[in-house]
Amino acid sequence: ETFGHLIGENLDTPGFQFDLESIIKGMRDATEGKPSPMTQEEYEEAITSIQEQAFSSLSDSNLSQADIFLENNRSETNIVEVEPGKLQYRIIAEGGGDEVFEHSAPLIHYTGTFIDGTVFGSSIESGEPITLPLTQTIPGFNKGIVGMKEGEKRTLYVHPELGYGTTGHLP
């Protein structure tokens, strides 16, 4: 039962719609020694095609959502647009002291989220800030924190073109 539960959890894949009864039939047929409805090669081609279509659909949807979000966000209070339609920020808390320059390696705390608020990365969880060479990060982050002063807090809004792209870390 636990193994079945594990398989079921792994069927929850964005862009895929599974017919659970067909999956169970395939498992029963396999354990009974019945032949597969496809060869291994046909299966791999079909899965690759389905994955590419699902990924492309998700990518297109994310790109559209990002464009709409950033367009609507530009009219919000206190939004600074660094690159039109691609990079914006809002200052949450003013800072003072040293300023972040291009090509520097500031000591930072960060939390990265998707539009829906799902966290995909955070230094806060570890409890320790990190030193991040700006030349080793996404362009939106690099450009978005240049000019920050020590202690300042910003929310960056980064378009996929200045983030992980449309073929990278999705959703």
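Quick caveat, the model's predicted, so the values are computed rather than measured. (Residues numbered from 1 in each chain as written. Predicted model: local features only at pLDDT ≥ 70, side-chain atom pairs only at ≥ 80, totals over all residues. Heavy atoms only, no water.)

## A short note on the packing of aromatic side chains
Operational definition: Planes of paired rings set the category: under 30 degrees apart is stacked, over 60 is edge-to-face and the rest tilted, where pairs are Phe, Tyr or Trp rings (Trp by its six-membered ring) whose centres lie within 6.5 Å. For helices the rule is a DSSP run of H or I covering at least 4 residues; for strands it is a run of E covering at least 2, with both sets numbered from the N terminus onward. Three labels apply to residues, based on accessible area from a 1.4 Å probe with only protein chains included: buried if under 20% of the type maximum, exposed if over 50%, partly exposed otherwise in between. For a ring to carry a charge above it, either NZ of a lysine or CZ of an arginine must fall within 6 Å of the ring centroid while also lying within 35 degrees of the normal to the ring plane.
Counting across every chain of the model gives three aromatic pairs. Ring geometry for Phe69 and Tyr157: centres 5.8 Å apart, planes at 40 degrees, overall tilted. Highlighted residues: Phe69 in helix H3 (residues 40–73) and Tyr157 in strand S7 (residues 153–158), separated in sequence by 88 residues. The buried category is assigned to Tyr157, whose relative accessible area is 15%. On the numbers, 5.8 Å between centres and 85 degrees between planes, the contact of Phe120 with Tyr164 is edge-to-face. Highlighted residues: Phe120 in strand S5 (residues 119–122) and Tyr164 in the segment after S7, separated in sequence by 44 residues. Of the residues examined, Phe120 reaches a relative accessible area of 30% and is grouped as partly exposed. Residue class for Tyr164 comes out partly exposed when judged on its relative accessible area of 44%. One aromatic cluster is present, built from ring pairs that chain together Phe114, Phe120 and Tyr164. Between the NZ or CZ atom of Arg154 and the centre of the ring of Tyr89, over which it lies, the distance is 3.9 Å.

## A closer look at H3
Each α-helix winds once per 3.6 residues, and so residues spaced three or four apart point in a common direction. Put simply, the rule is: Helix span, as expected, comes to 1.5 Å for every residue beyond the first. In what follows, residue pairs with any heavy atoms lying within 4.5 Å of each other are defined as contacts.
End to end, H3 covers 48 Å across 34 residues, agreeing with the expected 50 Å (1.5 Å per residue, within 8%). Within the sequence span of H3, burial applies to Ala54, Ser59, Asn62, Ala66, Leu70 and Asn73. Buried positions along H3 lie against strand S1 (79–83), strand S2 (87–93) and S7.

## Comments concerning a negative patch on the surface
Formally: A patch consists of residues exposed above 30% relative accessible area that lack any salt bridge, with like charges linked at up to 9 Å and nonpolar side chains (Val, Leu, Ile, Met, Phe, Trp, Tyr) linked at up to 5 Å. All accessibility values rest on the Shrake-Rupley procedure with a 1.4 Å probe; residue burial counts only the protein chains present in the view. Counted as salt bridges are all cases of a side-chain nitrogen of Lys or Arg within 4 Å of a carboxyl oxygen of Asp or Glu. Note that His is not counted, nor are the chain ends; the positive residues are Lys and Arg, and the negative ones are Asp and Glu. In plain terms, the charge of a residue is placed at NZ if it is Lys, CZ if Arg, CG if Asp and CD if Glu.
The grouping of Glu41, Glu42, Glu44 and Glu45 at the surface amounts to a negative patch. Within the secondary structure layout, Glu41 lies in helix H3. When its relative accessible area of 56% is taken as the criterion, Glu41 is described as exposed.

## As for the environment of Asn78
In this structure, Asn78 sits in the loop between H3 and S1. Spatially, the C-alpha atom of Asn78 lies 9.5 Å from that of Ile92, the residues being 14 residues apart in sequence. Among residues more than four places away in sequence, those in contact with Asn78 are Tyr89 and Arg90.

## Here's the deal with the nonpolar core
Convention followed: Nonpolar cores were defined as sets of buried Ala, Val, Leu, Ile, Met, Phe, Trp, Tyr and Cys residues, with membership established by side-chain atoms within 4.5 Å.
With eight residues, the main nonpolar core is built from Val100, Ile108, Leu132, Leu134, Ile138, Phe141, Ile145 and Met148. Ignoring any residue separated from it by four or fewer positions in sequence, one finds Val100 in contact with Pro106, Leu134, Ile145, Val146, Gly147 and Met148.

## Regarding the pattern of salt bridges
With the rule as written, the count across this model stands at nine salt bridges. The partner of Asp29 in a salt bridge is Lys34, and the shortest N-O contact between them spans 3.7 Å. On the basis of relative accessibility, which here comes to 15%, the residue Asp29 falls in the buried class. Among the charged side chains, a network of salt bridges with common partners joins Lys25, Asp29, Glu32 and Lys34.

## Concerning the sheet that holds S1
To keep it simple, the criterion reads: In this description, strands pair whenever DSSP reports at least two bridges between them. Helix axes are fitted only over the stretch in contact, all axes being lines through C-alpha atoms; the angle between N-to-C directions runs from 0 to 180 degrees.
In spatial order, the strands read S1-S2-S7; together these three strands make up an open sheet with antiparallel pairing. One side of each edge strand has no neighbouring strand; the edge strands of this open sheet are S1 and S7. When strand polarity is set aside, the average angle formed by the axes of neighbouring strands in this sheet is 30 degrees. Taken together, the six bridges between S2 and S7 define a ladder with antiparallel strand orientation. Of the residues in S7, the one forming a bridge with Tyr89 is Leu156.

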